[in-house]
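Coordinate inspection notes
Spelled out from the first residue to the last, the chains are:
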Amino acid sequence: MNRPVVVVVVLFAVLSVTALLSLGVGAVTISPGRILQILTDREGSKVASTELTIIWEVRLPRLLLACFVGAGLGTAGAGYQGLFRNPLADPFVIGASSGAALGATLAIINGWQGTFLGLACIPAASLVGALAAVAIVYSIASVGRQIPMVSLLLAGVALSSLLSAIVSLLMFLHEEKLMTIFGWLMGSLSGRGWATLWSTAPLILVGGSFLWMHSRALDALTFGEESAASLGLGIGRLRSTIVLSASLVTAASVAGGGIIGFIGLIAPHMARSLVGARHALVIPASGILGGLLLLLADDIARTVVAPSELPVGVVTALMGSPFFLYLLKTQQRELGVGL
Amino acid sequence: MSAVRAQDLTCGYDQRKVLESLSLSANSGEVLVLLGPNGAGKTTLLRALARFLRPMAGMVLLEDQDLWTFSADEAAQRVALMPQSERRDWPLTVEESVRLGRAPHRGWYAPFNVEDRRIVESALASTGLLELRERPITELSGGEWRRMIFARALAQQANVLLLDEPTAGLDLKFQHEVLRLVRDLAKNRKLTVVVTLHDLNHATLYGSRLAVVAEHTIVAVGAAQEVMTVDLIQRVFGVHVTIVAHPIYGTPMVVPLLEMEPARAEEVHP
């Protein structure tokens, strides 16, 4: 195996160990040995039932969700950065976050009830909102069968501003729901159970796999349209596929954890500095790193002010921004930001 | 049979016609050099031959078949375009970039195999890039980067190579190295090369035939001796020149004159 592949394997091992240790962290501390015992002995013949419940019903689904949501944000970020050949792109670059925010806000102020695709109302509304926003941006930007990338970015920025303004207006008009909306906008994995995981993880897996399948095409696209076309690449179809898959992954991630910033920007950069620029490695590495980062951020979010919790999006931004700036300063070359 | 042929080709961008009713054919084993002033449509012609630009009228024939009846992959297995410039802001390594030249053959999903590795190896060797294989393309010099694009076109193993100013930005050594490589490839592997050049003397030295693009069409085509006339160069490029024989090969050499009255230039003309 060559070095980058080893790096990916090592990253996955680190993620697994971190996940195991994270299960023990929280209001009740549980040792790693005990966790293994609980995980392998589900019937609970030898362990106290409270610990069994804490691990199986609270921490495990939340931890898995953190991994999947983080992985989704990481892979979607890698996909968009490759598509736009721009290291500043993130999963929210064409409006997914503001669409999700508006969807969730509408669900909160209208007090919608019920479930959709196994999701509670607010996550479901954010999923639909994210996909709808991207669909609008895409249809505005497309000219015939072409999708000029600059139009896509500009339409994304403009629609995001509009939707964010509507969210702010709604928050202003519904002061009583302000904290609920605000809490959701900052992102949180608190209180999510198995149901959320089962509805979002498959979408993230499917979309992420699709992105990964198109790695070689994304590599070719980095040469620019003319050269990629001369290699036989159908550029229009590739673009739609990437936008669709990345948006599906983003929407599912947002439904799982709210709007969590910085993971989708930072994970692909870290991935490229570790495994090089090939998307076949960058996409899985971004996924693993995204999962790892969100897992660590969530550990911090639920422990530093225990028994209360911080919004995990605040933690990712607080820890992520300085770390990103550090990377930028020390590794400009490896980050490939010589644009 | 011509390898690639433009037949009454009209093409351009949006409604603007750059080329009108242009006909030209390139045969296998020859280096056909396209000459002409900036903006004459040389690049547009190459794009049309590369299936990047759809003709407004007329057609491009590849192996006597309409180019647009081939799928994108099928066309890319037969025609490789080396554009004048391309994006180079993504730090793929030289080898990773050259390997992408195998995509038209291997497809976009299947892993590359031993044959691909062998072909990439030989493409890197013929362009002198073996030692730079691990270098990110963002860190290459202009000349090294051109050689990378050239190696990728070789890995593509197309029978028709379309090269848009392959010598731009290269020092004298690599200019001639690239042109020699082009000429040898055409001869030994029976490739068809259509190449745009600005240096008329490179054209006469390395080209099998020359075609001059101006006024939206081909104004002259043929062997260097037939095409390179003082009148034509004066008319197309607006530069006073005289033409002498190459001291060793006897091929025409175009020598620019400083504001000299045409009469004296004629006297020197062989």
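Along each chain, numbering runs from 1 in the same order as the chain's sequence is written. Going through the entries in the order they are written, you letter the chains from A and number the ligands from 1. Per-residue local features of the predicted model are confined to residues with pLDDT of at least 70, and side-chain atom pairs are confined, for both listing and counting, to 80 or more; whole-chain, interface and lining totals are unaffected and use all residues.

On to the overall build of chain A. Secondary structure assignment for chain A yields 15 helices and two strands. Here the globule rule is a power law, 2.2 Å times the number of residues to the power 0.38, and the radius of gyration is based on C-alpha atoms. Taking 339 residues into account, the globule formula puts the C-alpha radius of gyration at 20 Å, and chain A, at 20 Å, falls close to it. Expressed along its principal axes, the backbone C-alpha trace of chain A runs to roughly 65 × 55 × 35 Å. Here a residue counts as buried when 20 or more other C-beta atoms fall within 10 Å of its C-beta, as exposed when 12 or fewer do, and as partly exposed in between; the C-beta atoms come from the backbone. Residue burial in chain A is summarised as follows: out of 339 residues, 51% are buried. Whether two residues are in contact is decided by their C-beta atoms, placed from the backbone, lying within 7 Å. Within chain A, counting contacts between residues at least 6 apart in sequence, those at least 24 apart form 76% of the total. A run of H or I in DSSP becomes a helix once it reaches four residues, and a run of E becomes a strand once it reaches two; helices and strands are each numbered from the N terminus.

Each helix and strand in chain B was counted, giving 11 helices and 12 strands. Relative to the compact-globule value of 18 Å for 270 residues, chain B shows a C-alpha radius of gyration of 19 Å, a close match. Principal axes of the C-alpha set define a box for chain B whose edges measure 65 × 40 × 35 Å. When the 270 residues of chain B are sorted by exposure, 45% land in the buried category. In chain B, the proportion of contacts linking residues at least 24 apart, taken out of those at least 6 apart, comes to 67%.

The subject of this paragraph is the sheet that holds strand 4 (residues 57-62) of chain B. Within a sheet, neighbouring strands are paired by backbone hydrogen bonds and run either parallel or antiparallel to one another. Residues and elements named next belong to chain B. Taken in spatial order, the four strands line up as 2-1-4-5 in an open sheet, and their pairing is antiparallel. The sheet is open, and its two borders are formed by strand 2 (16-27) and strand 5 (65-66), each paired with just one other strand. Note on pairing: DSSP must find at least two bridges between two strands before they are called paired. With two bridges joining them, strand 4 and strand 5 adopt antiparallel strand pairing. Residue Leu61 lies in a different strand from strand 5, and its bridge partner there is Asp66. Interaxial angles span 0 to 180 degrees and are taken between N-to-C directions of axes, which are lines fitted to C-alpha atoms, for helices over the stretch in contact. Helix 1 (residues 42-49) contacts strand 1 (2-13), strand 2 and strand 4 of the sheet and is inclined by roughly 120 degrees relative to strand 1.

Residue and element names in this part refer to chain B. Counting buried residues in strand 8 (residues 192-196) gives five out of five residues, a clear majority hidden from the surface. Pairing of strand 3 (residues 31-35) with strand 8, which is carried by four bridges, proceeds in the parallel orientation. Across the sheet, Leu34 pairs through a bridge with Thr196, a residue of strand 8. As paired elements, strand 7 (residues 160-164) and strand 8 share five bridges and run parallel to each other. By the bridge assignment for strand 8, Asp164 is matched with Thr196. A right-handed crossover is one whose linking path, passing over the helix from the first strand to the second, runs clockwise when the strands point away from the viewer. In terms of handedness, the path from strand 7 via helix 7 (residues 172-188) over to strand 8 forms a crossover that is right-handed.

For a helix, the expected span equals 1.5 Å multiplied by the number of residues minus one. For helix 3 (residues 49-84) of chain A, spanning 36 residues, the distance from its first C-alpha to its last is 51 Å, which sits close to the expected 52 Å at 1.5 Å a residue. Positioned one or two residues after helix 3 of chain A, Arg85 of chain A has a phi angle of 50 degrees, which is positive.

As a further point, take the nonpolar core. In this structure, Ala251 of chain A together with Leu49, Val79, Leu162 and Val193 of chain B are the most contacted members of the largest nonpolar core, which totals 186 residues. Both domains that meet at this core, namely domain 1 (2-93 + 155-223) and domain 2 (229-270) of chain B, each give it at least three residues. The term nonpolar core refers to a group of buried residues, namely Ala, Val, Leu, Ile, Met, Phe, Trp, Tyr and Cys, whose C-beta atoms join them within 7 Å. By convention here, the domain bounds are inherited from an automatic or database domain assignment.

Now for the domain arrangement of chain B. Many structure descriptions define interface size as the accessible area lost when the parts assemble. Residue and element names in this part refer to chain B. Domain assignment breaks chain B into domain 1 (2-93 + 155-223) and domain 2 (229-270). Between domain 1 and domain 2, the C-alpha centre-to-centre distance is 26 Å. Across the contact, 10 residues belong to domain 1 and seven residues belong to domain 2. Residue assignment for the side of domain 1 that touches domain 2 shows that the elements contributing at least two residues are helix 8 (200-206), strand 9 (209-214) and strand 10 (217-222). Looking at the side of domain 1 that touches domain 2 element by element, the count peaks at four residues for helix 8. When grouped by side-chain class, the residues that make up the side of domain 1 that touches domain 2 number seven nonpolar, three polar and no charged. Residue polarity is assigned by list, with Asp, Glu, Lys and Arg as charged and Ala, Val, Leu, Ile, Met, Phe, Trp, Tyr, Cys and Pro as nonpolar; anything else, Gly included, falls into the polar class.

Below, the discussion takes up the sheet that holds strand 8 of chain B. Residue and element names in this part refer to chain B. One open sheet holds the six strands; their spatial order is 6-7-8-3-9-10, and the pairing between them is mixed. At either margin of the open sheet sits one strand with a lone partner, and together these are strand 6 (79-82) and strand 10. The sheet shows a mean angle of 15 degrees between the axes of neighbouring strands, taken without regard to direction.

Here we take up the interface of chain A and chain B. Contacts between the two partners involve 22 residues from chain A and, on the opposite side, 24 residues from chain B. Contributing elements (two or more residues each) for the side of chain A that touches chain B: helix 9 (215-221) and helix 10 (225-230) of chain A. Tallied by class, residues from the side of chain A that touches chain B come to eight nonpolar, nine polar and five charged.

Looking now at the packing of helix 5 (residues 114-126) of chain B against helix 6 (residues 142-155) of chain B. Residues and elements named next belong to chain B. Running from amino to carboxyl end, helix 5 crosses helix 6 at an angle of 140 degrees, the nearest separation of the two axes being 9 Å. Crossing geometry of helix 5 relative to helix 6 is assigned as right-handed. Across the interface between the two elements, Ile119, Val120, Ala123, Leu124 and Ser126 of helix 5 pack against Ala151, Leu154 and Ala155 of helix 6. Residue classes in the contact of helix 5 with helix 6 are distributed as seven nonpolar, one polar and no charged. Each crossing is labelled by how the near helix is turned from the far one, with a counterclockwise turn of less than a right angle marking it left-handed and a clockwise turn marking it right-handed.

Turning our eyes to something else, we now look at the confidence of the model for chain A. Averaged over all residues, the pLDDT of chain A is 87; the fraction at 70 or higher stands at 95%. Every residue in residues 335-339 of chain A is under pLDDT 50, and counting partners more than four places away or in other chains gives 17 contacts. pLDDT expresses, on a scale from 0 to 100, how confident the predictor is about each individual residue.

Within a regular strand, the side chains alternate between the two sheet faces. All names here are of chain B. With four bridges connecting them, strand 3 and strand 9 associate as parallel partners. If you follow Val33 over to strand 9, its bridge partner there is Leu210. Sheet analysis places strand 9 next to strand 10, joined by five bridges and oriented antiparallel. Paired with Val213 across the two strands is Ile218, which belongs to strand 10.

Residue and element names in this part refer to chain A. In contact at an axis separation of 6 Å, helix 4 (residues 96-110) and helix 5 (residues 121-141) are set at 140 degrees when each is read in the N-to-C sense. Classified by chirality, the crossing of helix 5 by helix 4 is right-handed. Listed contacts from helix 5 to Ala96, Ser98, Gly99, Ala100, Leu102, Gly103, Ala104, Leu106, Ala107 and Ile108 of helix 4 are Cys121, Ile122, Ala125, Ser126, Val128, Gly129, Ala130, Ala132, Ala133 and Val134.

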